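For reference, the chains in residue letters:
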Amino acid sequence: MMSPHSSKAATKLAFFSFIGLTMALFSCKRLEEREPITESRELSQYARKQLVDIRSADRFYDQEAPAEDPNAPQQHPLVWVTPEGWSEKPSSQMRLIDFSFGPNGEGECYLSALPGPAGGLAANINRWRSQIGASSLTDEEIDKLPRKNFLGGPAHFVSVDGSFKGMGDAASAKQDYRLLGLIHQASELTLFIKMTGPKALIEENAAKFDAFCQSVQFRKKAEKIPSH
């Protein structure tokens, strides 16, 4: 059985891997925008010998790890199970996992991640509430919100009904909508899962939302890309 210390270290490594892979997947910074090296210094005789021309598996992992296939597609840092009846859409920098569902695709559910506290728990919960026309919660009320397990840790669960305007204005608000969401905070980043749609449609898919959230896991190093 993994000790609490080992489990914490593994989770921290997974979070760092998530950030690194996300940046590699979606970075659009051009090469010519990089800062040139203008200074150099001699290497100290006491400096540790650098390992060059070796595989990442040899540098960071077990020496027996299989060689990486340079022609293999870039792997998503997460694995999950797509609920029946949901349609997966291409991922993006803001939506690492993205679904639509419902007769006309009016329901949506997506996972996103931001570095650090991402503005804080209260600000994010109340931002969601404002998008659906609900009043802000106090810190005491937020403390009383239910928690659900997500990626091995607690996540605050949000459920609120109203007129959903999203990032638009009140004139474009969609009536009788429901928003379900999870917010999981770690030291390195904050993960969000948000589902919105007509209230009746969300009620029909609430169990699928829970099942999807529980299915999300960090990809193991040697795990292949599943067919979602």
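Residues numbered from 1 in each chain as written. Predicted model: local features only at pLDDT ≥ 70, side-chain atom pairs only at ≥ 80, totals over all residues. Heavy atoms only, no water.

Caption draft 1: Broad picture of helix α3 (residues 121–131). Within the sequence span of α3, burial applies to L121, N124, I125, N126, W128, R129 and Q131. Where α3 is buried, its residues touch α4 (139–143), β6 (153–164), β7 (174–185) and β8 (189–198). Following α3 by one or two positions, G133 has its phi on the positive side, about 80 degrees. (Buried < 20%, exposed > 50% of the residue type's maximum accessible area, 1.4 Å probe, protein only. Helix = DSSP H or I, 4+ residues; strand = E, 2+ residues; numbered from the N terminus. Contact = heavy atoms within 4.5 Å.)

Caption draft 2: Molecular detail of the pattern of salt bridges. For the structure shown, the criterion picks out seven salt bridges. Note that D98 and K89 form a salt bridge whose closest N and O atoms lie 3.8 Å from each other. The buried category is assigned to D98, whose relative accessible area is 8%. Linking D161 and K199 is a salt bridge whose minimum nitrogen-to-oxygen distance equals 3.5 Å. (Salt bridge = Lys/Arg side-chain N within 4 Å of Asp/Glu carboxyl O.)

Caption draft 3: Representation of unusual backbone geometry. Of note in this structure, A118 is not a glycine but carries a positive phi near 55 degrees. Along the polypeptide, A118 turns up in the loop between β4 (107–115) and α3. In this model, L151 sits at a positive phi of 55 degrees, which is unusual for a non-glycine residue. If you trace the backbone, L151 turns up in the loop between β5 (147–150) and β6. Among the residues examined, L151 registers a relative accessible area of 14% and is labelled buried.

The values are spatial; any link to function lies outside them.
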